[in-house]
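Descriptive analysis of the structure
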Amino acid sequence: MGKPVLSKAEIIQIKSLRETGHTLGEIKNIVKRGYGTIFRYVKNVPILPQYQDVWKVKRGGSKSRSLKGWQKAEEQVAKIFDGVFSLREKLLILAALYWGEGNKNELSLINGDPSLVKIFIVFLRELGVTTKELKISLRLFEEINVDEAVIFWLETLNLPDNTIIKINIIKGKKKGKLKYGMCRVRVEKGGEYFKKIISMIRLIRSKN
């Protein structure tokens, strides 16, 4: 299906509404056209000076509604997960994390999100995995300070120095959003734990 064809009168109306400080939502309700169509005609249309104050108030209102929406969502989630996570919930989270991010041949996971890696280790301990069984490898872009990255991951994951067994430097690539690179968590001789996690994943899959 091609782009909707607007009459000259519709285009003039859309631009006029924008000039007078109307939001995309308001224009959509008036002209009964989609957001994409409307945006195509208003993206370069300036708000007239006499309507700037009205426009700023509306934009502020939008931000306020967004903040209230986030607050409401957080309150609703807090009620659902009232109190601490049960063992069952922790293991379900562990299985879901591993389903999306884990190695399917051995018990290991690599990721650049510190919170995700930390939760993974915390919930691995619910299966009985000990600190001695954890083997950590770092993959760092060459512009990352190695000492800073090592300290960061050890402190974030609350692990002793000897847990990091290998550091790989990735040449010719920029770190981007991964300020401290990527962390790989492997469980030494983790076959028993691996089978339990994969079994949980299979069980979840069979229930849906």
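Only a predicted model underlies this, so the values are computations on that prediction, with no experimental measurement involved. (Residues numbered from 1 in each chain as written. Predicted model: local features only at pLDDT ≥ 70, side-chain atom pairs only at ≥ 80, totals over all residues. Heavy atoms only, no water.)

Notes on the layout of surface pockets
Computed from the structure, the largest pocket encloses a volume of approximately 170 Å³. Together, R88, L91, L92, M200, L203, I204, K207 and N208 line the largest pocket. Mapped by element, the contributors of at least two residues to the lining of the largest pocket are α5 (87–101) and α8 (191–206). Residue composition of the lining of the largest pocket, by class: 5 nonpolar, 1 polar and 2 charged. (1 Å grid on protein atoms, 1.4 Å probe; cavity = no way out; pocket = protein on both sides within 12 Å on 5 of 7 lines; lining within 4 Å. Points joined across faces, edges and corners; volume = space filled by probe spheres on them. Helix = DSSP H or I, 4+ residues; strand = E, 2+ residues; numbered from the N terminus. Nonpolar A, V, L, I, M, F, W, Y, C, P; charged D, E, K, R; others polar.)

Considering the packing of aromatic side chains
Each aromatic ring pair is characterised by the separation of its centres together with the angle its planes make. A full pass over the atoms with the stated rule returns 5 aromatic pairs. Aromatic ring contacts, followed pair by pair, group Y98, F120 and F194 into a single cluster. (Phe/Tyr/Trp six-rings, centres within 6.5 Å; stacked < 30°, edge-to-face > 60°.)

Considerations on the environment of K15
Locating K15 in the fold gives a position in helix α1 (residues 8–19). For K15, a relative accessible area of 35% gives the class partly exposed. Between the alpha carbons of K15 and I27 there is a distance of 9.4 Å; along the sequence they are 12 residues apart. (Buried < 20%, exposed > 50% of the residue type's maximum accessible area, 1.4 Å probe, protein only.)

Digging into a nonpolar patch on the surface
There is a patch of nonpolar side chains on the surface, built from V77, I80, F81 and F85 and spanning about 390 Å² of accessible area. Structurally, V77 is set in helix α4 (residues 52–80). Note on V77: relative accessible area 44%, which makes it partly exposed. (Patch = residues over 30% accessible without salt bridge, like charges linked within 9 Å, V, L, I, M, F, W, Y side chains within 5 Å. Areas by Shrake-Rupley, 256 points an atom, 1.4 Å probe, with all protein chains shown as cover. Salt bridge = Lys/Arg side-chain N within 4 Å of Asp/Glu carboxyl O.)

Quick look at the pattern of salt bridges
Under the defined criterion, the tally for this structure stands at 5 salt bridges. With its nearest N and O atoms 3.2 Å apart, the salt bridge here joins R33 to E10. Taken as a pair, R33 in the loop between α2 (24–31) and α3 (35–42) and E10 in helix α1 lie far apart in primary sequence, 23 residues in all. In this structure R33 comes out as partly exposed when scored by relative accessible area, which is 24%.

A word on the packing of α1 against α2
Think of two packed helices as two axes; the pair is described by the angle between the axes and how far apart they sit. At a minimum axis distance of 10 Å, the contact between α1 and α2 shows a crossing angle of 145°. At the point where α1 passes α2, the crossing takes the right-handed sense. Judged by residue contacts, Q13, I14, L17 and R18 of α1 engage L24, I27, I30 and V31 from α2. (Axes fitted to C-alpha atoms, helices over the stretch in contact; angles between N-to-C directions. Left-handed = near helix turned anticlockwise from the far one by under 90°. Contact = heavy atoms within 4.5 Å.)

Focus: the pairing of strand β4 (residues 182–187)
Sheet faces and side chains relate simply in a regular strand, where the side chains alternate between the two faces. Only one face of β4 is covered, namely the one carrying C183, V185 and V187; the face carrying M182, R184 and R186 has none of its residues buried. In the sheet, strand β2 (residues 134–141) pairs with β4 via 6 bridges, with the strands oriented antiparallel. Its bridge partner lying in β4, I136 is registered against V185. (Pairing = 2+ DSSP bridges.)

Describing the sheet that holds β4
The sheet built from 4 strands is open, its strands ordered β1-β4-β2-β3 with mixed pairing. Only two strands of the sheet have a single neighbouring strand rather than two, namely β1 (108–111) and β3 (164–170). When strand polarity is set aside, the average angle formed by the axes of neighbouring strands in this sheet is 15°. Bridge count for β2 against β3 is 6 bridges, and the pairing is parallel. Looking across to β3, one finds that I136 is bridged to I164.

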